[in-house]
Amino acid sequence: MRWIGFLGALWMSLANTASSQTLVWTGETAPNVDSLCQRFQELYVQIREEAIEPDSARYQFRQIMQSLRSRFQSAESFRLDSARRDSLVRHFGYFVFPLRNYSPDAIGGSRGNGYHSAGFDLFDYRVRCSHPAQDIFIKDRNQDCLEDQSDQPVDVLSMTNGVVLSIKTDWKPGQEYRGGNWVWVYDPLLDGLFYYAHNNAVLVRPGQWVQAGDKLAEVGRTGYNAYKTRSPTHLHLMYLQLQPDGLPKPYNTYRWLLGAKEL
Ligand SMILES: [Zn+2]
């Protein structure tokens, strides 16, 4: 039943942006979303464990993304080209800032310069030089994952509406995984993937529909490097824009973060 809610929400977003757009439900023949989430989760773990060749991972990723797309959208006009996407995000207050009670001041680096996409390859875990992401830091000098003033965890909020594709919840110190406990969310309107990493508690499940501003997780220090004392407590936020062929391309979210609604 949750998909009915989703369609309502999606329709409202569309109606706000362009009345000529139509959404066509693809019916029961398309693979169901839960099975696509499961395939994504399995593939992502295989990539992380270097248990799959990058070319084969790339092929499977495209298949999953194209099925996911077709599950959500079939009218050709639904998919936003980059100009319409930019217009949507500029004029409609589309994004929520991903940390509750925080603002863009908490973004690491200067004017978003923590973002380096050169060399990034989602499908080859051995490539380690890039950082196609923004790190957003909380005030946690004693590194207990609680905000210094409030002594409370900091909520990680979904930046947009979307479906939770994959989570990891059982990271342990010493594990190689760099992302620690992660959450992947697919936004069908932007046709892209948000990745929220280093979380402590994760509060959503694959297949779950989330609205912009919904709590996904709490900020943590999970992940091979994030756990080390030299790393201040932060959220690692990455966005991958799907290309027409279904392959991902990193995109710098800095401007989106500057214009995001703060909760
Ligand atoms: Zn990072």
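Quick look at the structure, then.

The rules behind the values
Residues numbered from 1 in each chain as written. Predicted model: local features only at pLDDT ≥ 70, side-chain atom pairs only at ≥ 80, totals over all residues. Heavy atoms only, no water. Helix = DSSP H or I, 4+ residues; strand = E, 2+ residues; numbered from the N terminus. Buried < 20%, exposed > 50% of the residue type's maximum accessible area, 1.4 Å probe, protein only. Contact = heavy atoms within 4.5 Å. Salt bridge = Lys/Arg side-chain N within 4 Å of Asp/Glu carboxyl O.

## Observations regarding the environment of Met65
Right, on to step 1. Position of Met65 relative to the elements: it lies in helix α3 (residues 54–72).
Right, on to step 2. Met65 gets classed as buried once you look at its relative accessible area, which sits at 0%.
Right, on to step 3. Residues Met65 and Asp245, 180 residues apart in the sequence, show an inter-C-alpha distance of 9.2 Å.
Right, on to step 4. Not counting residues within four places of it along the chain, the set of residues in contact with Met65 comprises Phe40, Leu165, Leu193, Leu242 and Gly246.

## Let's talk about the pattern of salt bridges
Right, on to step 1. Inspection of the entire model under this criterion finds eight salt bridges.
Right, on to step 2. The residue Asp155 makes a salt bridge to Arg100 at a minimum N-O spacing of 2.8 Å. Here the residue Asp155 occupies a position in strand β2 (residues 155–157), and Arg100 occupies one in the loop between α4 (82–91) and β1 (134–137), the gap between them amounting to 55 residues.
Right, on to step 3. According to the relative accessible area criterion, Arg100 is partly exposed, its value standing at 29%.
Right, on to step 4. Residues joined by salt bridges that share partners form a network here, namely Arg100, Asp155, Lys215 and Glu218.

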